[in-house]
Amino acid sequence: MKQVSLGLNLSTKKTRKREFLEQMNMVVPWDVLVGVVEPYWPKSKTGRPPFAIETMLRIHYLQQWFGLSDPAMEEALHDMPVYREFAKLDGVLDRLPDESTILRFRHLLEKHDLATDMLRVVNDLLAYKGLLLKSGTAVDATLISAPSSTKNAEGKRDPEMHQTKKGNQWYFGMKAHIGVDADSGLVHSVEGTAANVNDVTQAHKLLHGEEDDAFGDAGYQGVQKRPEAKADVNWHVAMKPGKRKALDLNDPVQAITDKIERVKASIRAKVEHPFRVVKKQFGHVKVRYRGLAKNTAQIKTLFMLSNLWMVRGKLMADVA
C-alpha cells in the first residue's frame, strides 16, 4: 500500500534549525568532500544499491551538529522531515539508512582517517579564497570529559582516557589540541591526546610549517627549548600570571612589558572561538566513543565544520 504523505514538511515558519541547515548546505563544499570519500566507497554489484555518498555525509554531519548517536540519528530521520530534506531523503519513507548503515559509514571514515583529509581540503579551499592566511599560528588545548562510570561490558573506564587536575578540579577524559590561524581563528591542525598529556609536548605538531610566529598561553613556557623546536619559528608565549601580576605599571619598562602581554593575549584569544563553536554551538562537551582514535576523528570533523560555520557569511556572499 502506497505511503500517504501527512504534509508535515509544509510549514512556512523558518525555524532556527532549518535556517542553520540551509546555511550549512550552502557553505559545505559537498562535491569536494564526496571526492575524498569516493575512492574508498564500496562498489556494490548485487543487492540493493547503496545510499549516495553525499547523503551519508549529510547524515554524518547532522550527527555532529546535533549530538546524535547512530540509533538516535536513525529515529530522527523517521521523525523529522527537515533532517530528511537536508539529507536529500525527503519524500522517501520506504527506505532510510538504519543505525548499522550509519555506523558502517563512520567506521569507513575512521579506518582511512578521512577526517584529516577533509579538514585539509576544506582549509585548502579557505586558503584559496583568502580566508586562511597561514602567517601565524596560535595554539591551545581544551579538556573534553569522558564517562567515568565502570557500568559497561568491560567493567572499567576507557583505558585510553586519563585524569588531570585543572585548578582545584579533577577531570577525566581527553584533550583536543588545536593550531589556529592567528589572523582568522580558523583551525588548521588538530591532535587528540589523553587529558594528562602536557600541552607543550604537542605544540610543534600544531604548526603547519609556513608560519613565522606562534603564540601560546603560559602553559607553553619552554616550548622553544624543546628538541623538536623549529629554529625559524618565533614563539610568543604568555608570561606566567604571577609574574605579570607583580609588574609595576609605574615603571616605564614594565608598563611596556604589560602592553606586549596584552597584545599577545588579544592574538591568543582567536583560539577560543572554535572551542566556543564546538562546545556551545554544536554541543560537544563529552566524548561519544571509547578510544582516542574514534574521538580524535570526531573532533577533527567538528573543527572542520566550525571553520565553515565561522566564515559562513563570506562563503554565502560568494555563492550569492
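Higher on the page you've got the structure.
Residues numbered from 1 in each chain as written. Predicted model: local features only at pLDDT ≥ 70, side-chain atom pairs only at ≥ 80, totals over all residues. Heavy atoms only, no water.

A. Expanded view of the overall build of the chain. Helices and strands together make up the secondary structure of the chain, namely 12 helices and six strands. Across its three principal axes, the chain shows a C-alpha extent of roughly 85 × 55 × 40 Å. The buried share of the chain, reckoned over its 320 residues, is 45%. Counting contacts in the chain only where the partners sit at least 6 residues apart, residues at least 24 apart contribute 65% of the total. Accessible surface computed for the chain: about 17300 Å², of which carbon and sulfur atoms make up 51%. A gap of 4 Å separates the mean positions of the 48 positive and 39 negative side-chain charges of the chain. (Helix = DSSP H or I, 4+ residues; strand = E, 2+ residues; numbered from the N terminus. Buried < 20%, exposed > 50% of the residue type's maximum accessible area, 1.4 Å probe, protein only. Contact = heavy atoms within 4.5 Å. Areas by Shrake-Rupley, 256 points an atom, 1.4 Å probe, with all protein chains shown as cover. Lys, Arg positive; Asp, Glu negative; His and termini not counted. Charge placed at Lys NZ, Arg CZ, Asp CG, Glu CD.)

B. Here's a closer look at the packing of helix H1 (residues 16-27) against helix H11 (residues 292-310). Here H1 crosses H11 at 100°, and the two axes come no closer than 10 Å. On the basis of their axis angle, the class for H1 and H11 is roughly perpendicular. Residue-level contacts link Phe20, Gln23, Met24 and Val27 of H1 to Leu305, Leu308 and Trp309 of H11. Tallied by class, residues from the contact of H1 with H11 come to six nonpolar, one polar and no charged. (Axes fitted to C-alpha atoms, helices over the stretch in contact; angles between N-to-C directions. Parallel < 35°, antiparallel > 145°, perpendicular 65-115°, else oblique. Nonpolar A, V, L, I, M, F, W, Y, C, P; charged D, E, K, R; others polar.)

C. Highlighting unusual backbone geometry. The phi angle at lysine 88 is positive, at roughly 65°, despite the residue not being glycine. Residue placement: lysine 88 occurs in the loop between helix H5 (81-86) and helix H6 (99-111). Even without a glycine there, the phi angle at aspartate 113 is positive, about 55°. Positionally, aspartate 113 belongs in the loop between H6 and helix H7 (114-128). A relative accessible area of 39% means that aspartate 113 is categorised as partly exposed.

D. Structural context of the side chain of aspartate 140. By the secondary structure assignment, aspartate 140 is in strand S1 (residues 136-145). It is arginine 268 that comes nearest to the buried, bridge-free aspartate 140 among opposite-charge side chains, at 6.9 Å. Discounting chain neighbours no more than four positions away, the residues touching aspartate 140 are Ala176, His177, Ile178, Asp217, Tyr220, Val271, Glu272 and Phe275. (Salt bridge = Lys/Arg side-chain N within 4 Å of Asp/Glu carboxyl O.)

E. Highlighting a negative patch on the surface. Residues Glu75, Asp79, Asp98 and Glu99 make up a contiguous surface patch of negative charge. Position of aspartate 79 relative to the elements: it lies in helix H4 (residues 70-79). (Patch = residues over 30% accessible without salt bridge, like charges linked within 9 Å, V, L, I, M, F, W, Y side chains within 5 Å.)

F. Broad picture of the packing of aromatic side chains. Counted under the stated rule, the structure contains 11 aromatic pairs. Here the aromatic rings of phenylalanine 20 and phenylalanine 282 are separated by 6.5 Å at their centres, their planes lie at 70°, and the arrangement is edge-to-face. Here the residue phenylalanine 20 occupies a position in helix H1, and phenylalanine 282 occupies one in the loop between helix H10 (272-281) and H11, the gap between them amounting to 262 residues. Looking at phenylalanine 20, the relative accessible area reads 7%, which means it is buried. With centroids separated by 5.6 Å and ring planes inclined at 70°, the aromatic side chains of tryptophan 65 and phenylalanine 86 adopt a geometry described as edge-to-face. (Phe/Tyr/Trp six-rings, centres within 6.5 Å; stacked < 30°, edge-to-face > 60°.)

G. Geometry of the environment of tryptophan 235. Topologically, tryptophan 235 is positioned in strand S6 (residues 234-237). It is 6.7 Å that separates the C-alpha atoms of tryptophan 235 and glutamine 224, two residues lying 11 residues apart in sequence. Leave out the neighbours within four places in its chain, and tryptophan 235 touches Val139, Ala203, His204, Leu207, Ala214, Phe215, Val223 and Gln224.

H. Geometry of the pairing of S1. With respect to burial, S1 is a largely interior element, nine of its 10 residues being buried. Across three bridges, the pairing between S1 and strand S5 (residues 213-216) is parallel. Looking at S5, one finds that threonine 137 is bridged to alanine 214. (Pairing = 2+ DSSP bridges.)

I. Local environment of the pattern of salt bridges. Applying the stated criterion across every chain, the model contains 14 salt bridges. Aspartate 318 is paired through a salt bridge with lysine 129; the nearest N and O atoms lie 3.8 Å apart. Here lysine 129 lies in the loop between H7 and S1 and aspartate 318 lies in helix H12 (residues 312-319), a separation of 189 residues in the sequence. Classification of aspartate 318 by relative accessible area gives exposed; the value is 51%. Its salt-bridge partner being lysine 264, residue glutamate 261 comes within 2.8 Å of it at the nearest N-O pair. Here glutamate 261 and its partner lysine 264 are both found in helix H9 (residues 252-268), three residues apart, which amounts to about one turn of the helix. For the pair shown, glutamate 261 and lysine 264 are each scored as buried. Here the salt bridges share partners, and the residues they tie into one network are Glu54, Arg58 and Lys88.

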